[in-house]
Amino acid sequence: MDRRNVEAIGVRRTGWAALDRDPQQDTVEFTCPHCGARDKKNARRERVLYRFTDGFLQDLQGEVTQCHTCKKQLRVVPIVMLHDQDEERRFEAVFAVDHLVHSN
Ligand SMILES: [Zn+2]
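Numbers given for residues are sequential positions, taken from 1 along each chain in its written order. At least 70 in pLDDT is required for a residue's local features to be given in this predicted model, at least 80 for side-chain atom pairs to be given and counted, and no such filter applies to totals for whole chains, interfaces and linings, which use all residues.

*Asks:* Break down the pairing of strand 7 (residues 73-82) for me, citing the residues and quoting the values.
*Replies:* Every other side chain in a regular strand lies on the same face of the sheet, so the side chains alternate between the two faces. Across the 10 residues that make up strand 7, a large majority, seven, are buried. Should DSSP find at least two bridges between two strands, the strands are taken to pair. Helix and strand definitions follow DSSP, with helices as H or I runs of at least four residues and strands as E runs of at least two, each counted in order from the N terminus. Here seven bridges tie strand 1 (residues 6-13) to strand 7, and the two strands are oriented parallel to one another. The residue of strand 7 that forms the bridge with Arg-12 is Met-81. As paired strands, strand 5 (residues 56-59) and strand 7 are joined by three bridges and run antiparallel to one another. Paired with Leu-57 across the two strands is Met-81, which belongs to strand 7. As paired elements, strand 6 (residues 63-66) and strand 7 share four bridges and run antiparallel to each other. Considered in strand 7, the bridge of Thr-65 is made with Leu-74. Counted between consecutive antiparallel strands, the loop separating strand 6 from strand 7 contains six residues, among which Lys-71 sits at a positive phi close to 65°. Exposed residues have 12 or fewer other C-beta atoms within 10 Å of their own C-beta, buried residues have 20 or more, and partly exposed residues fall in between, where C-beta atoms are placed from the backbone.

Here it is as structure tokens:
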């Protein structure tokens, strides 16, 4: 039986990349691999645990969470820290994700 968690890439915006939301919030955004819903969780891991990998600060251990929509468990990994729109654009190119693009 395969008990591994399904994985999703997470994004943790900080600094200039987080200007459009409450600066008190420190969240990891992801798209549920089970149902496709966009979700987010409170970031739990310390920023010092992030490692510079492939040009980004990443948490390669990730965090396990539960989708608010379908209640299934998943692992958000890697979690990529983005500091500004430049990094957001680069992230979207490198990881080939378009579902995290801002709608503006
Ligand atoms: Zn889900």
